[in-house]
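Here's the letter readout for the chains.
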Amino acid sequence: MGDYLRCRFPQLRLRRGVYVDTAAFISAYPSQQHLLAAAATAAVKRRPVFCRETSLAVHGVPMLQVPNAVHLRTFRASRAGASGASLPQLPTQHRELQHLLKQARFSSELIRRRFQALAERRVVAPIPTGYHRAQATAAYRNRELQLPLSPPAQFFRDLLPPGQLTQAESLTFSVIDTVARMELADAVVVLDAVLGGRVPGHRALAAQDFAPWLDFLGPQRMKDRWDQLIAFADGAAESVGESWSRAVMHTLGFPAPILQANFQLPRGDTARTDFYWPDFGLVGEFDGRMKYSRSRVLSGLDPGEVVFQEKLREEALSELGLRVVRWVWDDLKSPQQLANRLLRAGLPQTDRTGSLR
């Protein structure tokens, strides 16, 4: 399929006058494709300012979903709005997309049109004005951060002239301006990452770091939601999967766990668990694919050895009187599956769902 695309559509137009190798673009991860679309925008627009989800992506913030448009800031409210065609969606997961490409279940023309539309979709947002517009504009300009856009793949680095700067809003402002508009799981993934110091090149942030931007949140409902989200966030979460798990468990009405609890095992070593409910003697473990698919890179062990070590670890936890429940990505995508696993493990569920949605 890749060879067919390369022959029929060797170049994919991202923006007018900006082309990339089609096969290379399609084989990239969705997060890289989004940054490529941002780079193409920077190549044709005069000093664009990336905001919201795109600014978070440029900073390297982990997100649950890849942004479906390039987000830009404008100082003129008349220019605000969304543009770009809406075409049939293709899977956003890289593994699923590659499978479909190999099976040729989508025509090459549809694939080309879909990704071109993805690259051209834009959302232009006005400056938030929680107080007087002139004050907001001045404060916004003074605190704005300029940084080079550093695409993660060589095939689109040539889109920007060497040394060209593109503007992205500061990490703190990008977070506070974005998460209050997000669904709970998306917001928790972002906040856990920034509070836990999992954003490359940035220190771990604290709630007080966002104080200078609170006036930009506007309506009281936005401020109230921000207060709820920042109180719920926990920098101890170590991955997107763990953060997503916390959000799903809260929505389902399960008690909040302790994160990263340590246990001295009978064999002498220490086990650190993802989730722990001391009142119920229950340990929870989220098993992401990366633990096994990239085990040689992450731990130097082959997947079979990782599975064996996990079995020994679980047996050692059982000797301490703890029960262990595990879940995977598919359980988070279908929350009732996670609920069933937790209920079978003895974790009680309240009659109501979590108050923060």
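Figured I'd write up the structure that's included with this text. (Residues numbered from 1 in each chain as written. Predicted model: local features only at pLDDT ≥ 70, side-chain atom pairs only at ≥ 80, totals over all residues. Heavy atoms only, no water.)

**Let's talk about the pattern of salt bridges**
Next, step 1: Counted under the stated rule, the structure contains 10 salt bridges.
Next, step 2: A salt bridge links Glu169 to Arg73, with the nearest nitrogen and oxygen atoms 2.7 Å apart. Residue Glu169 is located in the loop between β8 (166–168) and α8 (171–179), and its partner Arg73 is located in strand β4 (residues 70–74); the two are separated by 96 residues in the primary sequence. Comparing Glu169 with Arg73 shows no difference in burial state: the two are buried.
Next, step 3: Between Arg313 and Glu285 there is a salt bridge; the shortest N-O distance is 2.7 Å. (Salt bridge = Lys/Arg side-chain N within 4 Å of Asp/Glu carboxyl O. Helix = DSSP H or I, 4+ residues; strand = E, 2+ residues; numbered from the N terminus. Buried < 20%, exposed > 50% of the residue type's maximum accessible area, 1.4 Å probe, protein only.)

**Focus on the nonpolar core**
Next, step 1: Core analysis: the largest hydrophobic core is formed by 61 residues, its most contacted members being Val175, Leu191, Val194, Phe210, Trp226, Trp327 and Leu342.
Next, step 2: For this core, the element with the highest residue contribution is helix α9 (residues 184–195), accounting for 8 residues.
Next, step 3: Apart from the residues within four sequence positions on either side, Phe210 is in contact with Thr172, Val175, Ile176, Val194, Leu195, Leu205, Trp226 and Ile230. (Core = buried A, V, L, I, M, F, W, Y, C linked by side-chain atoms within 4.5 Å. Contact = heavy atoms within 4.5 Å.)

**Concerning the packing of helix α11 (residues 240–252) against helix α16 (residues 335–344)**
How two helices sit against one another is set out by the angle between their axes and by the gap between those axes.
Next, step 1: Running from N to C, α11 and α16 cross one another at 80°; their axes reach a closest spacing of 10 Å. Comparing the axis directions of α11 and α16 gives the class roughly perpendicular. Of the residues in α16, those touching α11 at Val248, Met249 and Leu252 are Pro335, Leu338, Ala339 and Leu342.
Next, step 2: Taken together, the residues that form the contact of α11 with α16 break down as 7 nonpolar, no polar and no charged. (Axes fitted to C-alpha atoms, helices over the stretch in contact; angles between N-to-C directions. Parallel < 35°, antiparallel > 145°, perpendicular 65-115°, else oblique. Nonpolar A, V, L, I, M, F, W, Y, C, P; charged D, E, K, R; others polar.)

**With respect to the environment of Ser31**
Next, step 1: Tracing the backbone through its elements, the reader meets Ser31 in helix α3 (residues 30–44).
Next, step 2: A residue is classified by how much of its surface remains accessible, and Ser31, at 44% relative accessible area, is partly exposed.

**Side note on the pairing of strand β10 (residues 270–277)**
Next, step 1: Burial runs high along β10: 6 of the 8 residues are buried.
Next, step 2: For strand β9 (residues 258–264) and β10, the ladder comprises 6 bridges, and the chain directions are antiparallel. Counterpart to Ile258 in the pairing with β10 is Tyr276.
Next, step 3: Counting the residues between successive antiparallel strands, the hairpin from β9 to β10 contains 5 residues, one of them, Gly268, with a positive phi of roughly 105°.
Next, step 4: As paired elements, β10 and strand β11 (residues 282–286) share 3 bridges and run antiparallel to each other. (Pairing = 2+ DSSP bridges.)

**What to know about the side chain of Gln260**
Next, step 1: Tracing the sequence through the fold places Gln260 in strand β9.
Next, step 2: The residues touching Gln260, leaving out its near neighbours within four places in the chain, are Ala236, Ala237, Glu238, Glu242, Arg272, Thr273 and Asp274.

**Observations concerning the packing of aromatic side chains**
Next, step 1: One pass over the structure, following the stated rule, counts 7 aromatic pairs.
Next, step 2: On the numbers, 5.1 Å between centres and 65° between planes, the contact of Phe210 with Trp226 is edge-to-face. Taken together, the residues span a long stretch of sequence, with Phe210 in the loop between α9 and α10 (220–232) and Trp226 in helix α10 at a distance of 16 residues. The pair formed by Phe210 and Trp226 is uniform in burial state, with each residue classed as buried.
Next, step 3: Linked through ring pairs, Trp244, Phe286 and Trp329 together constitute an aromatic cluster.
Next, step 4: Directly above the aromatic system of Phe232 lies the positively charged group of Arg246, at a separation of 4.5 Å from the ring centroid. (Phe/Tyr/Trp six-rings, centres within 6.5 Å; stacked < 30°, edge-to-face > 60°. Lys NZ or Arg CZ within 6 Å of the ring centre and 35° of its normal.)

**Some words on the sheet that holds strand β12 (residues 323–327)**
Next, step 1: Spatial strand order, β9-β10-β11-β12: 4 strands in an open sheet with mixed pairing. Each end of this open sheet is capped by a strand with a single partner; those strands are β9 and β12. Going from strand to strand, the sheet's axes swing by 45° on average, the running direction of each strand aside.
Next, step 2: Across the sheet, α11 is in contact with β9, β10, β11 and β12; its angle to β10 comes to roughly 30°.
Next, step 3: The strands that α16 touches are β10 and β12; relative to β12, the one it contacts most, it runs at about 170°.

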